[in-house]
Amino acid sequence: QVQLVESGGGSVQPGGSLRLSCVASGYTYTSYCMAWFRQAPGKDRDGVALINDDGSTSYTDAVKGRFTISKDSAKNTLYLHMNSLKPEDTATYYCAADTSCTGGYLLGDYFYWGQGTQVTVSS
């Protein structure tokens, strides 16, 4: 089985930074495309950032220039470095794996999901 476990969420003031981690077991990250999604209460689950199996990355406009997705294949760990955080970034963040590397943020393409980690940005 494949298991994804997120960590690193918490509360931070606007302008602050956090690093989220997602540890995968049951496979090697180099064989998968990975993405971060987020969901606020009453809102849809939206894509945030993705990284392809070749290491290339993409970001949604809302986080471009502020967030960075990366991975450490040797540790089977995915990261999301979040800088200049805004209250609008408050949400539960999920990591997900697309085993076929379809690309994009269609939820149905991501077969494996983590349990989520909460990020709260407020004064």
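Summary of the structure given here. (Residues numbered from 1 in each chain as written. Predicted model: local features only at pLDDT ≥ 70, side-chain atom pairs only at ≥ 80, totals over all residues. Heavy atoms only, no water.)

Brief notes about the sheet that holds strand S1 (residues 3-7)
- Read across the open sheet, the 4 strands follow the order S1-S3-S8-S7; overall the sheet is antiparallel. The sheet is open, and its two edges are formed by S1 and strand S7 (67-72), each paired on a single side. Neighbour to neighbour, the strand axes of the sheet diverge by 15 degrees on average, direction disregarded.
- Bridge count between S7 and strand S8 (residues 77-82): 6 bridges; the pairing is antiparallel. For Ser70, the partnering residue across the bridge sits in S8 and is Tyr79. (Pairing = 2+ DSSP bridges. Helix = DSSP H or I, 4+ residues; strand = E, 2+ residues; numbered from the N terminus. Axes fitted to C-alpha atoms, helices over the stretch in contact; angles between N-to-C directions.)

A closer look at the state of the cysteines
- Throughout the structure, instances matching the rule amount to 2 disulfides.
- A sulfur-sulfur distance of 2.0 Å marks the disulfide that ties Cys22 to Cys95. In this structure, the disulfide formed by Cys22 and Cys95 twists by about 55 degrees around the S-S bond and is classed as right-handed. Taken together, the positions of Cys22 in strand S3 (residues 18-25) and Cys95 in strand S9 (residues 91-98) put the pair 73 residues apart, joining distant regions of the chain. The same class applies to Cys22 as to Cys95, namely buried.
- Between the sulfur of Cys33 and that of Cys101 lies a disulfide, 2.2 Å long from S to S. (Disulfide = S-S within 2.5 Å. Buried < 20%, exposed > 50% of the residue type's maximum accessible area, 1.4 Å probe, protein only.)

Digging into the environment of Phe67
- By the secondary structure assignment, Phe67 is in strand S7.
- The spatial distance from the C-alpha of Phe67 to the C-alpha of Ser84 is 8.5 Å, given a sequence separation of 17 residues.
- Leave out the neighbours within four places in its chain, and Phe67 touches Arg38, Val48, Tyr59, Leu80, His81, Met82, Asn83, Leu85, Asp89 and Tyr93. (Contact = heavy atoms within 4.5 Å.)

Concerning the pairing of strand S11 (residues 117-121)
- Burial along S11 is one-sided: the face carrying Thr117, Val119 and Val121 is buried and the face carrying Gln118 and Thr120 is not.
- Looking at chain direction, strand S2 (residues 10-12) and S11 are connected through 3 bridges and run parallel. Bridge pairing links Val12 to Val121 in S11.
- Looking at chain direction, S9 and S11 are connected through 3 bridges and run antiparallel. Of the residues in S11, the one forming a bridge with Ala91 is Val119.

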